[in-house]
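Residue-level listing of the chains:
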Amino acid sequence: MDYKYLASLLFPQPLPSADEIEAKYPPRSLPEGAAVTRFAPSPTGYVHFGGLFPTTVDERLAHQSGGVCYLRIEDTDSRREVKGAAEALVKTLAHYGIKFDEGVTETGEVGAYGPYTQSKRAKIYHVFAKRLVEEGRAYPVFSTDEELEEIKTADKKAELKSVDWEADAGARREAMLARRNFTIEQVEQELAAGHKFALFAIAEGDGTRKRKVNDLVRGALELPENDEDIVLLKSDGIPTYHFAHVVDDHLMRTTHVIRGEEWLPSLPKHLQLFSYMGWKPPKYIHISQIMRLDEGGSKKKLSKRDMGANLDDYSRLGYCPLAVTEYVMTLLNSNYEEWRAQNPDKPYTDFPFNVKKMSASGCLFDLHKLDDVAKNVVSRMTADDVYKQFYAWAKEYAPDFASVVDTMGEDYAKSIISIGRGGKKPRRDYGTWVELQSFMKPFYDETFQVEDDYPENTDLHDIKSALEMFAETYDDGDDAGAWFEKIKAICAPLGYCADMKEYKSNADAYRGSVADISMMIRVAVTGRLNSPDLYTVMHIIGAERTLSRVSAMINKL
RNA sequence: GGCCCGUUGGUCAAGCGGCUAAGACACCGCCCUUUCACGGCGGUAACGCGAGUUCGAUUCUCGCACGGGUCACCA
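Procedures and definitions
- Residues numbered from 1 in each chain as written.
- Chains lettered and ligands numbered in written order.
- Predicted model: local features only at pLDDT ≥ 70, side-chain atom pairs only at ≥ 80, totals over all residues.
- Heavy atoms only, no water.
- Helix = DSSP H or I, 4+ residues; strand = E, 2+ residues; numbered from the N terminus.
- Rg over C-alpha atoms; globule rule 2.2 N^0.38 Å.
- Buried < 20%, exposed > 50% of the residue type's maximum accessible area, 1.4 Å probe, protein only.
- Contact = heavy atoms within 4.5 Å.
- Lys, Arg positive; Asp, Glu negative; His and termini not counted.
- Charge placed at Lys NZ, Arg CZ, Asp CG, Glu CD.
- Pairing = 2+ DSSP bridges.
- Right-handed = clockwise from strand over helix to strand, strands pointing away.
- Axes fitted to C-alpha atoms, helices over the stretch in contact; angles between N-to-C directions.
- Patch = residues over 30% accessible without salt bridge, like charges linked within 9 Å, V, L, I, M, F, W, Y side chains within 5 Å.
- Areas by Shrake-Rupley, 256 points an atom, 1.4 Å probe, with all protein chains shown as cover.
- Salt bridge = Lys/Arg side-chain N within 4 Å of Asp/Glu carboxyl O.
- Near = heavy atom within 4 Å.
- Polar contact = N/O pair within 3.5 Å; in protein donor to acceptor, adjacent residues only side chain to side chain.
- Nonpolar A, V, L, I, M, F, W, Y, C, P; charged D, E, K, R; others polar.
- Core = buried A, V, L, I, M, F, W, Y, C linked by side-chain atoms within 4.5 Å.
- Parallel < 35°, antiparallel > 145°, perpendicular 65-115°, else oblique.

Trainee: How should I be thinking about the overall build of chain A in this particular structure?
Mentor: Looking only at helices and strands, chain A features 24 helices and 16 strands. Taken over C-alpha atoms, the radius of gyration comes to 33 Å for chain A, far larger than the 24 Å a tight globule of 557 residues would show. Residues classed as buried in chain A amount to 47% of the 557 residues present. For chain A, the proportion of contacts with a sequence separation of at least 24, taken over those separated by at least 6, is 74%. Positive and negative side-chain charges of chain A, numbering 71 and 88 respectively, have mean locations separated by a distance of 4 Å.

Trainee: I keep staring at the pairing of strand 11 (residues 283–287) and nothing clicks. Help me out?
Mentor: Working note: regular strand, side chains alternate between the two faces of the sheet. Within strand 11, four of the five residues are buried, which leaves it mostly tucked inside the rest of the structure. Sheet analysis places strand 10 (residues 256–260) next to strand 11, joined by five bridges and oriented parallel. Bridge pairing links His256 to Lys283 in strand 11. Since strand 10 and strand 11 lie parallel, the crossover through helix 11 (residues 267–277) that links them has a hand, and here it is right-handed.

Trainee: Sorry if this is basic, but what is going on with the sheet that holds strand 6 (residues 196–201) here?
Mentor: Strands pair in a sheet through their backbones, by hydrogen bonds, and they do so in one of two ways: parallel or antiparallel. Read from one edge of the open sheet, three strands run 5-6-9, paired in antiparallel fashion. The open sheet has two free edges, formed respectively by strand 5 (138–143) and strand 9 (230–233), since each of these has just one partner strand. For this sheet, the mean inter-axis angle between neighbouring strands, taken without regard to orientation, is 40 degrees. In this structure, strand 6 lies alongside strand 9, joined through three bridges in antiparallel fashion. In the sheet register, Ala201 faces strand 9, and the bridge partner there is Ile230. Across the face of the sheet, helix 5 (residues 122–134) comes into contact with strand 5, strand 6 and strand 9 while running at roughly 130 degrees to strand 9.

Trainee: Would you mind going over a negative patch on the surface with me for this structure?
Mentor: Residues Asp145, Glu146, Glu147, Glu149 and Glu150 make up a contiguous surface patch of negative charge. On the basis of relative accessible area, Glu146 is assigned to the exposed category, the value being 59%.

Trainee: Would you take a moment to explain the protein's contact with RNA strand B for this structure?
Mentor: Inspection of the region around RNA strand B gives 65 residues, with Ser143, Arg218, Lys234, Ser235 and Arg522 positioned closest. Per the 4 Å cut-off to the protein, sugar and phosphate atoms form 65% of the nearby atoms of RNA strand B. For RNA strand B, a phosphate oxygen lies 2.8 Å from a polar atom in the side chain of Thr76. Arg522 places a polar side-chain atom, nitrogen or oxygen, 2.3 Å from a base nitrogen of RNA strand B. Considering only residue class, the surface near RNA strand B consists of 24 nonpolar, 13 polar and 28 charged.

Trainee: Explain the nonpolar core here, please?
Mentor: Soluble globular proteins: nonpolar side chains tend toward being buried together. Phe49, Phe128, Leu199, Leu232, Phe243, Tyr444 and Ile517 are the most contacted members of the largest nonpolar core, which has 155 residues in total. Residue contributions to this core peak at nine residues, all from helix 24 (residues 534–556). Those residues in contact with Phe128, other than ones at most four positions away along the chain, are Ala18, Ile21, Glu22, Phe243, Val247, Leu251, Met277 and Trp279.

Trainee: Is there a simple way to think about helix 11 in this case?
Mentor: Because an α-helix packs 3.6 residues into every turn, residues spaced three or four apart end up facing the same way. Most of helix 11 sits out of view: ten of its eleven residues are buried. Here helix 11 has its buried residues at Leu267, Pro268, Lys269, His270, Leu271, Gln272, Leu273, Phe274, Tyr276 and Met277. Phi for Gly278, located one or two positions after helix 11, is positive at around 75 degrees.

Trainee: Would you explain the packing of helix 20 (residues 460–473) against helix 23 (residues 514–526) in this entry?
Mentor: Each pair of packed helices can be summarised by the angle the axes make with each other and by the distance between the axes. Axis separation between helix 20 and helix 23 bottoms out at 10 Å; the angle between their running directions is 80 degrees. As far as their axial angle goes, helix 23 and helix 20 are roughly perpendicular. The segment helix 20 lies against helix 23, with Asp462, Ile463, Ala466, Leu467 and Phe470 engaging Ile517, Met520, Ile521 and Ala524. Each residue belonging to the contact of helix 20 with helix 23 can be placed in one class, and the counts come to eight nonpolar, no polar and one charged.

Trainee: Any chance you could explain the environment of Met520 here in plain terms?
Mentor: Secondary-structure assignment places Met520 in helix 23. Setting aside chain neighbours within four positions, we find Met520 in contact with Tyr454, Thr458, Asp462, Ile463, Ala466, Leu467 and Tyr496.

Trainee: Explain the pattern of salt bridges here, please?
Mentor: All told, the structure shown has 35 salt bridges when counted by the stated rule. Between Glu59 and Arg60 there is a salt bridge, with the nearest N and O atoms lying 2.8 Å from each other. Each member of the pair, Glu59 as well as Arg60, is classed as buried. With a shortest N-O distance of 3.2 Å, Arg218 and Glu261 are connected by a salt bridge. You can see Arg218 sitting in the loop between strand 7 (210–215) and strand 8 (219–224) and its partner Glu261 sitting in the loop between strand 10 and helix 11, a full 43 residues away along the chain. Residue classification places Arg218 among the partly exposed residues on the basis of a relative accessible area of 23%. Residue classification places Glu261 among the partly exposed positions, given a relative accessible area of 28%. Among the ionic contacts, a cluster of salt bridges with common partners joins Arg38, Arg72, Glu74, Arg121, Asp248 and Asp249.

The values reported here are purely geometric and, on their own, carry no functional implication.
This is the structure in structure tokens:
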């Protein structure tokens, strides 16, 4: 068969030569060892938590080595495309510190290796597709409009589940072989009839033979050679992922491809295409799925509806983006936590990220762990920083509380946030803005309320007497020592023990201890059974509030 | 069903032929503390099973089991 002629039939429009294209995408001039990575999502919706994993690896690998990390939009499936998804994606990732040097950005496309949107690269794919036809490595498969319609509406997933695998494999193989046989005349006729064609690459592999391939995380893998013809172009002329991946990652000079493990089975296809094209394949890292625990206690894939799957959930719950990033880092490199403990003040980007430390097995999403990381992150922040982030969050997600905060001003809020902050061991009372909001509530009249009841065995008369005595003697000017002496002084008249050690060794002799007296005051002043140090709380809210809350409680009893 | 990947405590995980099998989270207990919390100390808890190689296997090989992925003109 005259492949040159076939190619000219299939691609009649004038195209640049492969060499011309290659010249436009020269090797990058980067320092030795610099990684070029990319995140290549299809714009089908919000960013999944699972998407943050490979992306963080992309970003670290590139920027740690002085390389380039770019964003390419794989919009080759018009059926699934969601409008505005790409923009939302860029914005969300930026929020988590993933900044792209090239590709699709908030301000449009930047970089010399574009376009970075696959739908704009049709001509480039056609150049290389045509070359494969000329070499006798690719052939067309024609479909009528009706058949195409069928392909478009068929629910392949459902179909595949109820298939007779063995019979199907044979039938598919036969059909594949049959498709390879055609004549130039048939092609001419089909084209004349206006039928569209998909372009397939001939598989030369032997499926019964294994080939060693390398994955940077998993090591040497044995995958069967590819013996299935590969769809390069769909009937609409748009490439499949397989072809686009090979062409784009070669031209854009990607050195490391980080992607989900669902791509592992098609790796032989990609390797075969790289070899057909005469290009050097990139290094691969296939990342396992993120799992979650279902109600029954078994592992399930973290799916779209799960809490925590949508990255926007974290914003809503008030996790600061750095907390999420650091959590991802701990999952990616288990020595990250140790490094963090030793380097509490360094930015996470100083951590020497190591691909070899990554785990080949999947990991389970653990909200507890996230909370712990979040507490660490927030405890290390300055009061100023916490205030800014919290206030911005409140404006959006808790506007009522934001206006409550406004009533007392910024400094007041910061004095609350400053409790236990700074020093070598800052307190870790809250890890999210939702938790901080709850922490702050007792400090504002609008949100103060008695939420907790006194412990069951507390004597109401004692409470009343204790509060009355407290109110009589309270002096805003006392220092912490004097203040506590006065609390202790309340004990004896009521038959409570002022000394905890004494009380513990001789509890029966007393009605209670200074701890109980403190609790009586605490609930009156903060409305809760737990609070930060009472003396500190009273001085933040001031004497007036303190005493009015105490008398309100006395009246209530 | 074929093929591929994976399997250390509840979770994330060190380990890479010889260890009392790290650490972190969670859980529990004790201590500190005016309570709770924070903090400190400690505890419960693991190499999926069966062969083989070896003086010796968590570590290497092979089966099996389990989990996951994949088998589209989707990515």
